[in-house]
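Fold and contact review
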Amino acid sequence: MTKEDFFQKIQQQLKAQKAFVCYRKPGQALANLLLQQDYTAHELTDFSENGFVFAPFDRNGKTYLIPQNTSETIQFELAEVLITDEETSSDYEGSYVGAEEDQKDHELLVQKGIDAIRDQRFRKVVLSRSELVELNDPSPMPIFKKLLQKYREAFVYCWFHPKTGLWMGATPETLLQVERDRFETMALAGTQVNKGQEQIEWGQKELEEQLLVTDFILNALEGLPEIKIGEISKPYSAHAGTLLHIRTDISGKVSQAEDQSKLIEALHPTPAVCGLPRKEALEFIQKHEHYDREYYSGFLGELNFKTEKKRNGNRRNQENQQFSAILKQTSLYVNLRCMKLKDGDARIYIGGGITRDSDPAHEWMETVNKAQTMKSVLVK
């Protein structure tokens, strides 16, 4: 299969309005394509299903699944060059209609969040907004190819379902990885522009925000008898395209594979997309953001994916090399740095964590920087 054939498969599925997802995991060259063969809307019920899931920010919303067993699956090794020089030079630039009004509204929203924190209603809240960008070329494939080429260390995806529409993104944040009895997750918070600096310095606000996220995850997991926390890394600066974040890696063991549903329920939505305490922060978001996040800041990825793992071969026993085991793996990511494409427009979603030391003007600029991450792949 050629590169053109691979992307043509996606185009044909989209034209037929059948569900599909194409994705590449962080740091890998292998692209995975799942093509649903019918028009059935498969909804997740209890996390026992296997397939690719797409879950909204609102836990009461509908989570859709493209089943692994009944879908056509294709894997393709992506070449280094996916887009031409002409496509690379056509990055979106400039502001958008309504920017001044959006800035005013967002800064007022942030100030409400700061006031609520100082009134001790909660300790942190994540507030977001969206931008609608008109595209001269509504074709999704050039945008998706740019995402694949620009963000090699992110989870890059293109998802379509008749019930959700067309989404794509390049998220830096893992929600959960599970293989056998071992799980991994991360605490990710704080944002600054990556200027290639050797020494990366973080302000008190960003350090406090990251500590809050880490503490929440640890407390949530320690409350589950099925979970045993193992290693906790020291916080470090993680690259995410043109941005930097503070990251802490957390790993451990889960007693049974079925208990990963409890892990997911404990983690989502994380303080990195909602706030602390979660209940009070979520109520504030629902009351004051005045728009539907839909699948932005939800999660997506492989759930109970069946993968073949060959046993280590022994040269003295060639028969041993013929055996392999089928494992179930879960790899879920928080849906950040994403957009929804509809009717020739791209709706970009961006947000930031608010603490008592936040500054509304600074928080606006943080969303501007994050928006540029997505705008850099749009066609003028």
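The paragraphs below set out a description of the structure included in this document. (Residues numbered from 1 in each chain as written. Predicted model: local features only at pLDDT ≥ 70, side-chain atom pairs only at ≥ 80, totals over all residues. Heavy atoms only, no water.)

Quick notes on the environment of Glu131
Mapped onto the elements, Glu131 comes out in strand 6 (residues 124-134). At 3.0 Å, the side chain of Glu131 and the side chain of Arg129 are in polar contact. (Helix = DSSP H or I, 4+ residues; strand = E, 2+ residues; numbered from the N terminus. Polar contact = N/O pair within 3.5 Å; in protein donor to acceptor, adjacent residues only side chain to side chain.)

A closer look at empty space enclosed by the protein
Evaluation of the coordinates by the stated rule reveals one cavity of 30 Å³ or more. The space that makes up the largest cavity amounts to roughly 220 Å³. In terms of lining residues, the largest cavity is bounded by 20 residues, among which Ala272, Leu336, Arg337, Gly351 and Lys370 are the most central. Of all the secondary-structure elements, those providing two or more residues to the lining of the largest cavity are strand 10 (182-193), strand 18 (345-354) and helix 8 (360-375). When residues in the lining of the largest cavity are grouped by element, the largest group, five residues, is from strand 18. (1 Å grid on protein atoms, 1.4 Å probe; cavity = no way out; pocket = protein on both sides within 12 Å on 5 of 7 lines; lining within 4 Å. Points joined across faces, edges and corners; volume = space filled by probe spheres on them.)

A word on the sheet that holds strand 7 (residues 155-161)
Across the sheet, which stays open at both edges, the nine strands sit in the order 5-2-1-7-8-17-18-6-14 with antiparallel pairing between neighbours. Because the sheet does not close on itself, it has two edges, and the strands there are strand 5 (72-77) and strand 14 (275-276). Sheet analysis places strand 8 (residues 165-171) next to strand 17 (residues 338-342), joined by four bridges and oriented antiparallel. Residue pairing in the sheet places Gly169 in a bridge with Cys338 of strand 17. In the packing of helix 1 (residues 3-15) onto the sheet, the strands contacted are strand 1 (20-24), strand 2 (30-35), strand 5, strand 7 and strand 8, and the crossing angle to strand 2 comes to about 30°. Packed on one face of the sheet, helix 7 (residues 278-288) meets strand 6 and strand 14 and runs near 35° to strand 6. (Pairing = 2+ DSSP bridges. Contact = heavy atoms within 4.5 Å. Axes fitted to C-alpha atoms, helices over the stretch in contact; angles between N-to-C directions.)

Side note on the environment of Phe122
You can see Phe122 is positioned in the loop between helix 3 (99-118) and strand 6. When the C-alpha positions of Phe122 and Phe284 are compared, they lie 9.4 Å apart, and in sequence the two are 162 residues distant. What Phe122 contacts, discounting residues up to four positions off in sequence, is Gly113, Ala116, Ile117, Leu276, Pro277, Glu280, Ala281 and Phe284.

A closer look at the side chain of Glu173
Residue placement: Glu173 occurs in the loop between strand 8 and strand 9 (174-179). One buried charged residue, Glu173, forms no salt bridge at all, with the nearest opposite charge on Arg337 at 7.3 Å. For Glu173, the contacting residues outside a window of four places in its chain are Met186, Leu188, Thr270, Ala272, Tyr333, Val334 and Leu336. (Buried < 20%, exposed > 50% of the residue type's maximum accessible area, 1.4 Å probe, protein only. Lys, Arg positive; Asp, Glu negative; His and termini not counted. Salt bridge = Lys/Arg side-chain N within 4 Å of Asp/Glu carboxyl O.)

What about the packing of helix 3 against helix 8?
For the pair helix 3 and helix 8, interaxial distance at closest approach is 9 Å and the crossing angle is 125°. In terms of orientation, helix 3 lies oblique with respect to helix 8. For the crossing formed where helix 3 meets helix 8, the hand is right-handed. Residues Ala99, Asp102, Gln103, His106, Glu107, Val110, Gln111 and Ile114 of helix 3 pack against Pro360, Ala361, Glu363, Trp364 and Thr367 of helix 8. Residue composition of the contact of helix 3 with helix 8, by class: six nonpolar, four polar and three charged. (Parallel < 35°, antiparallel > 145°, perpendicular 65-115°, else oblique. Left-handed = near helix turned anticlockwise from the far one by under 90°. Nonpolar A, V, L, I, M, F, W, Y, C, P; charged D, E, K, R; others polar.)

Here we look at the pattern of salt bridges
Across all of its chains, the model carries 15 salt bridges by this definition. Across the pair Glu363 and Lys205 runs a salt bridge whose closest N-O atoms are separated by 3.0 Å. Within this pair, whereas Glu363 is found in helix 8, its partner Lys205 is found in helix 5 (residues 204-222), the two being separated by 158 residues in sequence. A single burial state applies to Glu363 and to Lys205, both of which are buried. If you follow the salt bridges from partner to partner, you end up with Lys124, Lys205, Glu209 and Glu363 in one network.

Regarding the side chain of Glu226
Mapped onto the secondary structure, Glu226 falls in the loop between helix 5 and strand 11 (227-232). In this structure Glu226 touches Lys253, Val254, Ser255, Asp259 and Lys262, once residues within four positions along its chain are discounted.

Focus: the packing of aromatic side chains
Under the counting rule described, the total for this entry stands at 18 aromatic pairs. For the ring pair Tyr291 and Tyr349, a centre distance of 6.3 Å and an interplane angle of 20° mean the geometry is stacked. Remark: Tyr349 occurs in strand 18 and Tyr291 occurs in the loop between helix 7 and strand 15 (299-310); sequence separation between them is 58 residues. When its relative accessible area of 2% is taken as the criterion, Tyr349 is described as buried. Among the aromatic side chains, those forming a connected cluster through ring pairs are Tyr23, Phe52, Phe54, Phe155, Tyr157, Trp159, Trp167, Tyr291, Tyr295, Tyr296, Tyr333 and Tyr349. Across the ring face of Phe7, the terminal group of Lys145 is positioned such that the distance to the ring centre comes to 4.8 Å. For the cation-ring pair, Arg293 lies above Phe57, with the distance from its terminal atom to the ring centre recorded as 4.3 Å. (Phe/Tyr/Trp six-rings, centres within 6.5 Å; stacked < 30°, edge-to-face > 60°. Lys NZ or Arg CZ within 6 Å of the ring centre and 35° of its normal.)

Looking at the pairing of strand 7
The buried fraction of strand 7 amounts to seven of the seven residues, a majority that puts the element mostly inside the structure. As defined by bridge partners, strand 1 adjoins strand 7 across five bridges and the pair is classed as antiparallel. Along strand 7, the bridge assignment pairs Val21 with Trp159. Where strand 7 and strand 8 come together, seven bridges link them in antiparallel fashion. Looking across to strand 8, one finds that Trp159 is bridged to Trp167. Counting the residues in the hairpin turn of strand 7 and strand 8 gives three residues.

Honestly, it's all geometry; don't read function into it.
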